[in-house]
Structures are given as structure tokens and as C-alpha cells.
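Take a look at the letters that make up each chain.
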Amino acid sequence: MFSPSSTPPPAPEAAPAGRPGRGLRWLAAPAAAPRLPEAEIGRRYPRLQVFIGIFLGYAGFYLIRNNISLIAPLLLDEGTITTVGIGIIGNAVLLAYGFSKFFSATISDRSNARYFLPVGLALSAVANLVVAFVPAVSASVALFATVMFLNGWVQGMGWPPCGRVLVHWFSTNERGWKTAIWNTAHNVGGMGVGALAALGLAITGDSWQSAFWVPALGALVVAVIAFVLVRDRPEAVGLPPIEEYRNDPPKVETDLGELQESSYWRIIVKHVLLNPTMVFLALANVFIYSLRYGVLSWAPTYLADHHGMSLAQGIAGFSLFELAGIFGTLACGWVSDRVFHGNRSWTGITFMVGVGVFLVAYWLAPVGTPYWLLMVFLFFIGAFIYGPVMLIGLQALDMSARHVAGTAAGFTGLFGYVFGATLASTGVGWVVHEFGWGATYGLLTISVVLTIVLLLCVLPREKRLMAHHRSLSAERSEEPRV
């Protein structure tokens, strides 16, 4: 491990540009603490502790994100809600989450991650408890959708502080693998909500409300654990920045003068909204999410309608797709760091080629294709697509200055959820109805090609940043040790 004593002390850290509103000053990012003695730095750099905190914290959000899909059959049997109502409620969460992921990030970049993440998780738990224990909510689709919209909004407080922590506690040449491991938290949370909901239904005699309040109680426990483990950034606890600690400079350096002289929104406009790289990544995320949900959400329907499979076989394909995402995400992170040495664009392009190959095989498989072979195709589509899903956010973190990293990642997430997921649900449904499955998978294949083109547009910029990163690393390695 790199010793902090081998480089001169860094310049004093600038205060974040802008702060949360007057009533939320307690949420603001803490100032840098006095530097600890060098003998204590290595022993007190709590990276594993912080990582476990954001892993469990983010998994906790998936316990209570959109649990209505788990108990929809019970609501339909009661006759209190229709399939249209369930769709409206589900879309309310999706839209709110997409917008919140961006706007929450603009606050998170200036806030204390140790507070921001647990507060968002606790508020989401409260929304789920309201659904469970206030009968008027489930009696009205409008009120149900409103509460779930608010739930989706505070759900957007989960990703940004985790991105902030990843940027501040893990340096460029290790961040791909660490982010890949962290990104599997949503799979862990997805499995956890099924277990907790099943437990609740079992102990309450299939009362659908238990699928909301049991996971909510679990989420509150996780929020407390996250608060105990997470720390905002090394400097806040008297430790050197991660770039100094590991002798690994960032791809993009922070302009301290800009932080002090410009308003925060002006910085966002410059570095995010008018940054061609961020726009290309955001557009690529639209097609990636279209592919992810276009294949996943419609797998049971496609297998039943086109291949004559049973509903149970279709649901098994759905689950296999998600399971493959764990292996694909981890593989993508490892390949990104070890094979392409931090070049996320080439990694994403490689994985998108894999998506294209297996998507076309899945599409063109004739009726009568063995079930196991269709499952192989679905598995590898899932394995390859979840890598780029993770990489887009990672590229936004890597290719933006630290003070706007969360906002940049939130910007790409906004496009992915609001536009990409919408295309995958309403758009795919319309195309299937009007033109059939052949046209649908033809358009999804075009999405693969467009994603690769957009990543090729990002590639030259990333190459320049990586060359700059290598030159800075070489300069630092040549500095005399004290």
C-alpha cells in the first residue's frame, strides 16, 4: 500500500461550491479534519468498513422500492385495484426515481454521505409503512400512486451518496472492480425483498400489507447500520485523499479556483449539462435501459406468446436473467480494471457486442428451439447487459471532477430510467401490438448498434484522460520520497 509520506501534503481542500438550504445545514459535507499522524493513517483508513456500509445501505433501498409487483395478484383478487391501476402506481415510482436520481445528486455532491443515505432510506421506509397502515392509501389509485411517487423520489437518495463514497474512497485504477462488487447490492436487495415479503405473508395469512411493512422494518435496521459504518470522505476524518494515499491521480482534476468563484449550478451546466461526454453517456444509457428492460420485462410474455412456454418457464427465464447480472457485473468490473486498464469505453463496447450476439440468437431462434437453449441465450444477454448498466455510471464518476461526480452519474441515470425504461415498457408494448415480435427485436438490435456508436464517441475523450492520468502517475512515482 502506498505510504502517504511519499508525497508532499496536498493543498488545503476547498469548501464545496454551494451548500444545502439553510434548514438543511446539518446535512452539509463536513469540513476537512486535522490530518492524523502518519503512523496512524494506514491503520485507520476504514475502506472496508465504508464499503460494507454503502453495500448494505444500497441493498436496503431495494427492499422497499416498488413492492406492489409482489402482491399485485392479491390486490387483483380483492378487486380493490385493476391492472391499469397497478401500472399507474408502478410508473409513478419509476418516473420519480429517474428525476430524483439527478436532482438528489446535485444535493448529495455537497452533502454528508453518512447522513444522506440513511435519511433517504428511512424516509422510503416511512412511505412503505404509510401504504401498509393507512387504509385510505390503498383505497384510491391516485393516493396510492402519490405515496409511491414520494417513495420513488426519496429512493433517488440512494445511488448518489454511494457514488460519492466510491469516488472519494477508491481510486481510478481499482474503481471498476470495487464498483462492480458494490453494484451487486441491488441483486442482494432484490433477493432480500422476496424473502422478507414471503415471511410477512406467511406470518400474517397472506395479508398484502405485510409485503410493505416487514421489508420497511428491515430497511430501518439497515439505515442504522449504514449510519454507523459510512464516512463521507477521507479528509473529513483526518486522512489523506485517496489519490494521495494510493498514488493514483484522478482522470479529471478538480479546479479549486472554480469551486470558490462559481455558483454550483454554473459548474453543473459546464461540467454536466453542456459536457458532450456526459450527453453521449446519457444517450447511451437510454438504449442500454431499453435493452435491459425490453428483454427482461417482456421475457415471460415473449416465451409464452412466441415459443409456447408456460408462465412458470417464462418467470424462470426472468429470474435467470437477473441472476446472470451478478456474474456479468463482476466480470465487467474485473475486465475493465485488469484487461482494459481502466478504459471503460472499450469494456462497454466489448460487452455490448456480446449483448448483440446473444440477442440476435434469442430473436432468430425458431419455434421449437429447446427451452434450455433459450435460457442460455437469456442468461448471456443478462450477463452482458448488466456490465454496461454499471459502467455508464462508473464512466460518469471517472470522467467528471469529484465535486460534480454524483450529479454526472445522476444525469445519466435520469435518461436511463425516464426515457430508456419508458421505451422498454410502453414503447415495446406498442411495437409488439402493432408490428409483432420481429420488429421489436429488430429495434432492440438497432439499440445495441447505437449504444456502441455512442461509446465510440466517448472513447477519444477517455483515451486523452487516461494518457494524462498515466503521465501524472509517472511524475508522482519519480518524486523523491521523504
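Structure's up top.
Numbers given for residues are sequential positions, taken from 1 along each chain in its written order. Where totals are concerned, whole chains, interfaces and linings use all residues; where local detail is concerned, this predicted model gives features only for residues with pLDDT of at least 70, and gives and counts side-chain atom pairs only at 80 or more. Only hydrogens and water are set aside when side-chain values are computed; all heavy atoms of the structure are taken into account.

A. Geometry of the overall build of the protein. In terms of helices and strands, the protein carries 21 helices and zero strands. We call a residue buried when its accessible area falls under 20% of the maximum for its residue type, exposed when it is over 50%, and partly exposed in between, using a 1.4 Å probe and counting protein chains only. Out of the 482 residues in the protein, the part that is buried amounts to 56%. Here a residue-residue contact requires only that any non-hydrogen atoms of the pair lie within 4.5 Å. Considering only contacts within the protein whose residues lie at least 6 apart along the sequence, 85% involve residues at least 24 apart. What sets the accessible areas is the Shrake-Rupley method with a 1.4 Å probe; for residues, cover comes only from the shown protein chains. If you sum the accessible surface of the protein, you get close to 19,300 Å²; carbon and sulfur atoms cover 69% of it. Here a helix means four or more residues in a row that DSSP labels H or I, a strand means two or more in a row labelled E, and each is numbered from the N terminus.

B. Structural context of the packing of helix α9 (residues 172-183) against helix α10 (residues 185-204). Where α9 meets α10, the closest approach of the two axes is 5 Å, and the angle between their N-to-C directions is 10 degrees. In this view, α9 runs roughly parallel relative to α10, as classed from their interaxial angle. From α9, Ile181, Trp182 and Asn183 reach across to α10, where they touch Ala185, His186 and Asn187. In terms of residue class, the contact of α9 with α10 is built from three nonpolar, three polar and no charged. Only the stretch in contact is used when a helix axis is fitted, and all axes are lines through C-alpha atoms; the angle between N-to-C directions ranges over 0 to 180 degrees. Each angle receives one of four descriptions, namely roughly parallel if under 35 degrees, roughly antiparallel if over 145, roughly perpendicular if within 65 to 115, and oblique otherwise. Gly counts as polar in this scheme, as do all residues outside two lists: the nonpolar Ala, Val, Leu, Ile, Met, Phe, Trp, Tyr, Cys and Pro, and the charged Asp, Glu, Lys and Arg.

C. Inspection of helix α15 (residues 276-296) at higher detail. Given the number of residues in a helix, its expected span is that number minus one, multiplied by 1.5 Å. Its 21 residues give α15 an end-to-end C-alpha distance of 30 Å, which sits within 8% of 30 Å, the value for a rise of 1.5 Å per residue. Of all 21 residues in α15, 16 are buried, a share of seventy percent or more. A side-chain oxygen of the first residue of α15 lies 3.0 Å from the backbone nitrogen of Thr277; this N-cap is Asn275. Nitrogen and oxygen atoms within 3.5 Å of one another constitute a polar contact, given that in protein one can donate a hydrogen and the other can accept it, and given that sequence-neighbouring residues count only through two side-chain atoms.

D. Quick peek at the side chain of Gln395. Structurally, Gln395 can be placed in helix α19 (residues 371-398). Leave out the neighbours within four places in its chain, and Gln395 touches Leu281, Arg344, Ser345, Leu455, Val458 and Glu462.

E. A look at unusual backbone geometry. At Asp206, a residue that is not glycine, the phi angle is positive and equals roughly 65 degrees. Inspection of the secondary structure assignment puts Asp206 in the loop between α10 and α11 (210-229). At His341, a position not held by glycine, the phi torsion is positive, near 50 degrees. The residue His341 is located in the loop between α17 (311-339) and α18 (344-364) in this model.

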